Amino acid sequence: MSLITAKLSPTGISKINTMIQLTLVSASLAAPVFNYVDHMYLHTLWYVTATTTVLSAASYLYYNNSTYKLFSGDDKDNK
């Protein structure tokens, strides 16, 4: 049985998206503590996060073959 391994390379927008998503999680968890649950900036951060998530997915579709490389069991040892 041979397992296939993938080496992934994130795109630039994907790295930015991850940072924005972590910021959103932190802000959403802190919102009740600092009483800004329905604040305009939090809603804006939701929309920015959604937009960068869609852009990140689109970048992976656009750069299809350059963002990952598949290795079979034999190829993995010859990196």
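Residues numbered from 1 in each chain as written. Predicted model: local features only at pLDDT ≥ 70, side-chain atom pairs only at ≥ 80, totals over all residues. Heavy atoms only, no water.

As recorded in an unreviewed UniProt entry, the protein goes by Cardiolipin synthase (CMP-forming) and comes from Araneus ventricosus.

Asker: What should I look at first to understand the nonpolar core in this one?
Answerer: Within soluble globular proteins, side chains that are nonpolar generally end up buried alongside one another. Core analysis: the biggest nonpolar cluster contains six residues, these being Ile 20, Leu 24, Ala 27, Ala 31, Leu 42 and Leu 45. Elements that contribute at least two residues to this core include exactly helix 1 (12–34) and helix 2 (40–62). Broken down by element, the residue count for this core peaks at four residues, all from helix 1. Discounting residues that sit within four places of it in the chain, Ile 20 has contacts with Leu 45, Val 48, Thr 49 and Thr 52. (Core = buried A, V, L, I, M, F, W, Y, C linked by side-chain atoms within 4.5 Å. Buried < 20%, exposed > 50% of the residue type's maximum accessible area, 1.4 Å probe, protein only. Helix = DSSP H or I, 4+ residues; strand = E, 2+ residues; numbered from the N terminus. Contact = heavy atoms within 4.5 Å.)

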